[in-house]
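Chain residues, written in single-letter form:
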Amino acid sequence: MSGSPLRPAWLAGLTLAAACGGDDGGSPPAGGANCSSPTSVQLAVGQHQVVNPATANGCIRLPAASGAEAEYVFALVSGAGTVTDAGVSGGYSVRVGPEGSFAASPAAGAPASALAQGRGAGVAEAFHRGLRERERQLAADPRNRPSIPRSPPAGTPPPEPGSERKFAVCKTTDCNTFDTVTAVARSVGSKVAVYLDNTVPTADSLTQADLDDLKRLFDLYHYPIDNNAFGTESDLDINGVTIILLTDAVNALTPDCSQGRILGYFFGGDLLNITGSNHGEVFYAMVPVPATPTCTAATRVQTLVRLKPTLIHEFQHMISFNQHVLVRGGNVEETWLNEGLSHF
């Protein structure tokens, strides 16, 4: 990619599609990118463009920064025509620099084995794939679907700060058995209520300012971003807010962190009539915990950094379940696309 440095002001999207054995135009050019004759890309605000490396010499040129300034979202995707549970992997290389800084780049990239390990190998990936598949099975049974009245009853007010309630949480990674935790609403906004489990570790714990910051972030950024992009969430409990439950029950799902750690999740069973359902919109997220013989400590700062992208990711899953299952009466979104949209 060739161009001048750009700073955030408006957003455009760019996808570089590597066609690997599919019908999208063949393979990238042999020998890598040739930036002696790059393909120029000009996008208006909100536009996107798919570029095939095989027909663009593997190199594109973006407009030089101006008074308007700009930010581009770049995504590398495979054009292979076969979808598998394990995904599609292959070598690639991406380089970015000012125009004229390089004329060509080698085609050698990350080995396929390393790329494959990046997706699908960790405990969190396996857990989330399992949740999506369990949602698919549960939603396919019409007996599990809630009755949605044509004229929704009058709503109840959001929970009061300081109020207490019980939640069913997944006890195991297959989410077939549940524990009950008691939590207190610690920060309530216009779109979200943040609950904290009463029995979480107290060393290096989240502060009230941290909980208020999570509320502010969701209200001002996560909610409008996902809402505008993907649609509306459900409101089965008719309280006007989504709940974030911070509990060490999430940490307990990862007794051995050598293959990664589960940070948080949404489970569509909460929007169905099944055992363990909370009959409302809930995210479950980790809390700071001390080190164990098999897991490093999750500090307060590390936990906050991890939670923020996790929440907006899981909110897409919640919206997707509502739109596909409850609103349209269909089944859940295909797992690969559901995860892809949340990563996006």
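Starting afresh in each chain, residues are numbered from 1 along the sequence in its written order. Confidence filtering applies because this is a predicted model: local features only for residues at pLDDT of at least 70, side-chain atom pairs given and counted only at 80 or more, and all residues used for totals across whole chains, interfaces and linings. For the side-chain quantities, the full set of heavy atoms in the structure was used; hydrogens and water were omitted.

**Student:** Can you walk me through the overall build of the protein chain in this structure?
**Tutor:** In this text, helices come from DSSP runs of H or I with a minimum length of four residues, and strands from runs of E with a minimum of two, each type numbered from the N-terminal end. Of regular secondary structure, the protein chain possesses six helices and 11 strands. Carbon and sulfur atoms provide 55% of the accessible area of the protein chain, an area that totals close to 17200 Å². To measure how exposed things are, a 1.4 Å probe is used in the Shrake-Rupley method; for residues, cover is taken only from the protein chains shown.

**Student:** Would you take a moment to explain the packing of helix α2 (residues 123–139) against helix α5 (residues 300–327) for this structure?
**Tutor:** Packed helix pairs are specified by the crossing angle of their axes together with the interaxial distance, meaning the distance between the axes. At a minimum axis distance of 12 Å, the contact between α2 and α5 shows a crossing angle of 15°. Considering their axes alone, α2 and α5 lie roughly parallel with respect to each other. Two packed elements cross with a definite hand, and for α2 against α5 that hand is right-handed. Of the residues in α5, those touching α2 at His128, Arg132, Glu135 and Ala139 are Glu314, His317, Phe321 and Val325. For every element, the axis is a line fit to its C-alpha atoms; helices are fit only across the contacting stretch, and the angle between N-to-C directions ranges from 0 to 180 degrees. Note that the term roughly parallel is reserved for angles under 35 degrees, roughly antiparallel for angles over 145, roughly perpendicular for angles of 65 to 115, and oblique for everything else. Each helix crossing is assigned a hand: it is left-handed if the near helix lies turned anticlockwise from the far helix by less than a right angle, otherwise right-handed if that turn is clockwise. Contact between two residues is taken to exist if any of their heavy atoms lie within 4.5 Å; hydrogens are not considered.

**Student:** Can you help me understand the side chain of asparagine 239 in this one?
**Tutor:** For asparagine 239, the location among the structural elements is in the loop between α3 (208–230) and β9 (242–246). Throughout this description, buried means an accessible area under 20% of the type-specific maximum (1.4 Å probe, protein chains only), exposed means over 50%, and partly exposed covers the range between. Judged by its relative accessible area of 10%, asparagine 239 falls in the buried class.

**Student:** Is there a simple way to think about the packing of α2 against helix α6 (residues 335–343) in this case?
**Tutor:** At their nearest, the axes of α2 and α6 sit 10 Å apart, and the two run at 125° to each other. In terms of axis orientation, α2 runs oblique to α6. Helix-helix and strand crossings are classified by hand; for α2 and α6 the assignment is right-handed. Every residue of α6 that contacts α2 at Glu125, His128, Arg132 and Arg136 is listed here: Thr335, Asn338, Glu339 and His343. Of the residues contributing to the contact of α2 with α6, the split by class is no nonpolar, four polar and four charged. Note on residue classes: Ala, Val, Leu, Ile, Met, Phe, Trp, Tyr, Cys and Pro are nonpolar, Asp, Glu, Lys and Arg are charged, and everything else, Gly too, is polar.

**Student:** Would you mind going over the sheet that holds strand β8 (residues 192–197) with me for this structure?
**Tutor:** Across a sheet, paired strands are connected by hydrogen bonds in the backbone, their directions being either parallel or antiparallel. Should DSSP find at least two bridges between two strands, the strands are regarded as paired. Read from one edge to the other, the open sheet built from six strands follows the order β6-β7-β8-β9-β11-β10, with strand pairing classed as mixed. Either end of the sheet is taken by a strand with one partner, and the two such strands are β6 (164–170) and β10 (264–266). The average undirected angle you get between the axes of adjacent strands in this sheet is 30°. α3 contacts β7 (178–188), β8, β9 and β11 (282–285) of the sheet and is inclined by roughly 85° relative to β7.

**Student:** Please clarify how the layout of surface pockets should be interpreted in this entry.
**Tutor:** A probe as big as a water molecule, rolled over the atoms, marks out the empty space that is left. In this analysis the probe radius is 1.4 Å and the grid spacing 1 Å, with only protein atoms considered; a cavity is a set of points the probe fits into but cannot get out of, a pocket is an open set with protein on both sides within 12 Å along at least five of seven lines, and lining residues have an atom within 4 Å of a point. Grid points are joined across faces, edges and corners, and a volume is the space filled by probe spheres set on the points. Taken as a whole, the second largest pocket holds about 540 Å³ of empty space. Lining the second largest pocket are 26 residues, and of these Pro309, Thr310, His313, Glu314 and His343 lie nearest its centre. Going through the elements one at a time, α2, α3, α5 and α6 are the ones with two or more residues in the lining of the second largest pocket. It is α5 that provides the largest number of residues to the lining of the second largest pocket, a total of six residues. Here the residues of the lining of the second largest pocket sort into 11 nonpolar, 10 polar and five charged.

**Student:** Before we go on, may I ask you to explain a nonpolar patch on the surface in this structure?
**Tutor:** Residues enter patches when they are more than 30% accessible in relative terms and free of salt bridges; like-charged ones are connected within 9 Å and nonpolar ones (Val, Leu, Ile, Met, Phe, Trp, Tyr) within 5 Å. Salt bridges are defined as contacts in which a side-chain nitrogen from Lys or Arg sits within 4 Å of a carboxyl oxygen from Asp or Glu. The grouping of Leu76, Val94 and Val96 at the surface amounts to a nonpolar patch, some 250 Å² of accessible area in total. Structurally, the position occupied by valine 94 is in the loop between β5 (71–78) and α1 (112–118). Take valine 94: its relative accessible area is 40%, and that puts it in the partly exposed class.

The quantities given are spatial measurements derived from coordinates; they are silent on function.
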